[in-house]
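Here is how the chains run, residue by residue.
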Amino acid sequence: MSKILIVMSAADVWERTDGSAYPTGYWAEELAVPHEKFTEAGFTVDFASPGGVLQPLDAHSADPEVAGPDCAHHVQHAERALREFGPLLKLDEVDIADYAAVVLPGGHGPVVDLYQDADLGRLLVEADAAGKIIGAVCHGPAGLLSAVGEDGSWVFAGRRMAAFTDEEEQLFGTAENAPWLLAGTLRNKGALHSGGPAYQAHTVRDRNLFTGQNPASSAPMAEEIVAALTGEK
């Protein structure tokens, strides 16, 4: 099987506890780098989101002072990939049997919608039961929270994973007035979350679950997924 599904958030605003609206969108590096690694390895990549809505770019991920000197390349690659793919697939119409892996990039959107999206939850439960590879990076692991079994338990409780840390949220300036913080919530739900140094690449593999802490973790996570799918390790 040679297809990988990238699931994007559909959110463009993150409502804050003080009533303000924080503009959000996909983080270019977290979408572009995995897509680039996957297609270079010969995989076909499909994009899906709730309702098939195309999320905008998070402007912060296009700012070299925030996202680093390679951000222009990431933005260009992501925009081209999305443009060439055309209309996104609707999550409720996706059959996970068609894919070898499902990957969740970040931006703050997943903490707005994907964490409680029933269609994503269904796909992740089915993917995990089938032993398919599941990847999530930065705020993407918020989407894992949607995977609730028939008995009401969280499928990924007790699993080791990385995600954007509460420390990094503080450093980024978005912890104050956040409705909830990702890493702490994952731990409270039963995840064995581990964090590396702020903004440094840190990935964790637990069986078929591959997670990365932050944008810098996008490349190593994607490389590990490609290696697993191609039998290199």
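The structure displayed is predicted, hence computed values, not measured ones.

Calculation notes
Residues numbered from 1 in each chain as written. Predicted model: local features only at pLDDT ≥ 70, side-chain atom pairs only at ≥ 80, totals over all residues. Heavy atoms only, no water. Axes fitted to C-alpha atoms, helices over the stretch in contact; angles between N-to-C directions. Helix = DSSP H or I, 4+ residues; strand = E, 2+ residues; numbered from the N terminus. Parallel < 35°, antiparallel > 145°, perpendicular 65-115°, else oblique. Left-handed = near helix turned anticlockwise from the far one by under 90°. Contact = heavy atoms within 4.5 Å. Nonpolar A, V, L, I, M, F, W, Y, C, P; charged D, E, K, R; others polar. Buried < 20%, exposed > 50% of the residue type's maximum accessible area, 1.4 Å probe, protein only. Pairing = 2+ DSSP bridges. Right-handed = clockwise from strand over helix to strand, strands pointing away. Expected span 1.5 Å × (residues − 1). Phe/Tyr/Trp six-rings, centres within 6.5 Å; stacked < 30°, edge-to-face > 60°. Lys NZ or Arg CZ within 6 Å of the ring centre and 35° of its normal.

(A) Representation of the packing of helix α1 (residues 28-40) against helix α7 (residues 218-230) in the model. Between α1 and α7, whose axes approach to 9 Å, the crossing angle comes to 30 degrees. Taken together, the axes of α1 and α7 lie roughly parallel to each other. Handedness of the crossing formed by α1 with α7: right-handed. Contact residues: α1 offers Glu29, Glu30, Val33, Pro34, Lys37 and Phe38, while α7 offers Ser218, Ala219, Ala222, Glu223, Ile225 and Val226. Looking at the contact of α1 with α7, its residues break down into seven nonpolar, one polar and four charged.

(B) Representation of the pairing of strand β6 (residues 101-104). Burial along β6 is two-sided: Ala101 and Val103 and Val102 and Leu104, pointing in opposite directions, are all buried. Sheet topology note: the strand β1 (residues 3-7)/β6 ladder contains three bridges and is parallel. Following the sheet pairing, isoleucine 4 is matched in β6 by alanine 101. As paired elements, β6 and strand β7 (residues 133-137) share four bridges and run parallel to each other. Residue alanine 101 lies in a different strand from β7, and its bridge partner there is isoleucine 133. Note that the unit made of β6, helix α4 (residues 118-129) and β7 has a crossover that is right-handed.

(C) A look at helix α3 (residues 71-85). Between its first and last C-alpha atoms α3 spans 21 Å; for 15 residues at 1.5 Å apiece the expected length is 21 Å, and the two agree. Every buried residue of α3 is accounted for by Cys71, His74, Val75, His77, Ala78, Ala81 and Leu82. Along its buried surface, α3 packs onto α1, β4 (44-49) and α2 (64-67). Immediately beyond the C-terminal end of α3, within one or two residues, lies glycine 86, with a positive phi of roughly 90 degrees.

(D) Inspection of the packing of aromatic side chains at higher detail. Per the counting criterion, the structure on display carries six aromatic pairs. Centroid distance tryptophan 14 to tyrosine 22: 5.9 Å. Interplanar angle 85 degrees. Geometry classified as edge-to-face. Here the two residues tryptophan 14 and tyrosine 22 agree in accessibility, since each one is buried. Aromatic side chains phenylalanine 164 and tyrosine 199 sit 6.1 Å apart centroid to centroid with 65 degrees between the ring planes, which places their arrangement in the edge-to-face category. Here phenylalanine 164 is found in the loop between β8 (160-161) and α5 (166-172), whereas its partner tyrosine 199 is found in the loop between β9 (192-193) and β10 (203-206), with 35 residues between them in sequence. On the basis of relative accessible area, tyrosine 199 is assigned to the partly exposed category, the value being 33%. Here arginine 16 stacks its cationic end above the ring of tryptophan 14, 4.2 Å away from the centre of that ring.

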